[in-house]
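Single-letter residue listing:
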Amino acid sequence: MILIDGKRIASEIKTEIKNKISALIEDGKNIPGLVTIMVGNDPSSLIYINNKEKACKEVGIQSVSEKLRSDISQQDLLNLISSYNNRKDYHGMLVQLPLPKHIDENKIIEAISPDKDVDGFHPINIGKLIAGKDAFVPCTPAGIQELLKRYNIETVGKHVVVLGRSNIVGKPVANLLMQKNKYANAIVTVCHSAAHDLNQYTRTADILIAAIGKPEFVKADMVKEGVVVIDVGINRIKDDSHPNGSRVVGDVDFQDVSKKASYITPVPGGVGLMTIAMLLQNTYKAYLINGG
Ligand code: GUN
């Protein structure tokens, strides 16, 4: 069994971006800028946003974080987005999800300029991804593909089974890995809550991508020998043996499934760190698209 080291690959990617930005600075050019927008004070979102900002600093991306009150009106949020759409110094923009109930998430996503949409959630980018055109690919799916690429894991003609059909992971990763190119070209099955007998699908997976948000859901009897397992889950469970009474686990029972897997991502230290690395890569792409 080979452990897929997301921490190492994410760090390699960050170094690559840092070097590109150093070269820009040496040439006296502008540097890439990212604005992150957060509404309210959801603790998980705050951790994500702070990690994103920290990663930007590490590689030399200029970042600003707009942390807004939970009762901000939809119109005020739209106005803020519009002001950043027009700024030349911020090339990428993301609005952390979920948003408070009184705000229409779709309206917000659609207000972000598709050329600054580093999350890849705008319908224009989703459409381009499905059509096989150059697009901002959502960060977690892009990170998964990058891990497969850098570990030389063959995807062409392989059966990829995706557990979960979210707009952030399941749907885009399925579309990404079915595209006709060297690092995809897989036969993809997407499973979701309406599946009657999940094992019937998961047992035929060459590559299993678990993104359902259920702690340690995937067990060894659900997979075949030699499967490649990509665990997208980040679930906090109670564990009194840990100092703070809890620990983070994935959607896969790592101890159990790693006995049968040829490759597997750990949680933490797998896909999660790649998501942020790909956000930095998308921000650099936004910088190039928006003319530096
Ligand atoms: N909430 C959970 N994941 C994400 C993400 O990748 N981007 C944004 N904007 N919000 C999220």
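Higher on the page you've got the structure.
These notes cover the structure that comes with them.

1. Topic: the layout of surface pockets
There is about 490 Å³ of room inside the second largest pocket. In this structure, the second largest pocket is lined by 21 residues; those nearest its centre are Ala135, Val137, Gln145, Lys149 and Leu176. Elements with a minimum of two residues in the lining of the second largest pocket: helix 6 (139-150) and helix 10 (271-289). Sort the elements by how many residues they give to the lining of the second largest pocket and helix 10 lands first, with six residues.

2. So, the side chain of aspartate 251
By the secondary structure assignment, aspartate 251 is in the loop between strand 10 (246-249) and helix 9 (254-257). Of the side chains bearing the opposite charge, lysine 214 lies closest to the buried aspartate 251, which forms no salt bridge; the N-O distance is 9.4 Å.

3. Thoughts on the site of the ligand
Around the ligand, a shell composed of Lys52, Leu94, Val95, Gln96, Leu97, Asp119, Phe121 and Ile168 is seen. A distance of 2.5 Å separates a nitrogen atom of the ligand from a polar atom in the side chain of aspartate 119. Calculation on the ligand without its partners gives an accessible area of 270 Å², and the protein chains cover 81% of this total. Each residue belonging to the shell around the ligand can be placed in one class, and the counts come to five nonpolar, one polar and two charged.

4. Quick word on the environment of valine 257
Summarising the element assignment, valine 257 is placed in helix 9. When the C-alpha atoms of valine 257 and histidine 196 are compared, they prove to be 22 Å apart, with 61 residues separating the residues in sequence. If we ignore the near neighbours within four places in the chain, the residues touching valine 257 are Val218, Lys219, Ala220, Val223, Val229, Val252 and Ile264.

5. Describing unusual backbone geometry
Cis rather than trans, the peptide bond between leucine 97 and proline 98 has omega equal to 0 degrees. Position of proline 98 relative to the elements: it lies in the loop between strand 4 (92-95) and helix 4 (105-111). Non-glycine residue asparagine 152 carries a positive phi angle of around 55 degrees. Among the structural elements, asparagine 152 can be located in the loop between helix 6 and strand 5 (159-163). For asparagine 185, which is not glycine, the phi torsion reads 55 degrees and is therefore positive.

6. With respect to the packing of aromatic side chains
Given two aromatic rings, one states the distance between the centres and the angle between the planes to describe the pair. For the structure shown, the criterion picks out three aromatic pairs. Look at tyrosine 84 and tyrosine 90: their rings are 5.6 Å apart centre to centre, the planes differ by 80 degrees, and that puts the pair in the edge-to-face class. Summarising the burial analysis for this pair, tyrosine 84 and tyrosine 90 share the class buried. On the basis of an interplanar angle of 80 degrees and a centroid distance of 6.4 Å, the ring pair of tyrosine 151 and tyrosine 263 is categorised as edge-to-face. Pair noted here: tyrosine 151 is in the loop between helix 6 and strand 5 and tyrosine 263 is in strand 11 (residues 263-264), with a separation of 112 residues, a long-range link. A residue is classified by how much of its surface remains accessible, and tyrosine 151, at 13% relative accessible area, is buried. Looking at lysine 149, its charged tip hangs above the ring of tyrosine 183, at a distance of 4.7 Å from the centre.

Scoring rules and cut-offs
Residues numbered from 1 in each chain as written. Predicted model: local features only at pLDDT ≥ 70, side-chain atom pairs only at ≥ 80, totals over all residues. Heavy atoms only, no water. 1 Å grid on protein atoms, 1.4 Å probe; cavity = no way out; pocket = protein on both sides within 12 Å on 5 of 7 lines; lining within 4 Å. Points joined across faces, edges and corners; volume = space filled by probe spheres on them. Helix = DSSP H or I, 4+ residues; strand = E, 2+ residues; numbered from the N terminus. Buried < 20%, exposed > 50% of the residue type's maximum accessible area, 1.4 Å probe, protein only. Lys, Arg positive; Asp, Glu negative; His and termini not counted. Salt bridge = Lys/Arg side-chain N within 4 Å of Asp/Glu carboxyl O. Near = heavy atom within 4 Å. Polar contact = N/O pair within 3.5 Å; in protein donor to acceptor, adjacent residues only side chain to side chain. Areas by Shrake-Rupley, 256 points an atom, 1.4 Å probe, with all protein chains shown as cover. Nonpolar A, V, L, I, M, F, W, Y, C, P; charged D, E, K, R; others polar. Contact = heavy atoms within 4.5 Å. Phe/Tyr/Trp six-rings, centres within 6.5 Å; stacked < 30°, edge-to-face > 60°. Lys NZ or Arg CZ within 6 Å of the ring centre and 35° of its normal.

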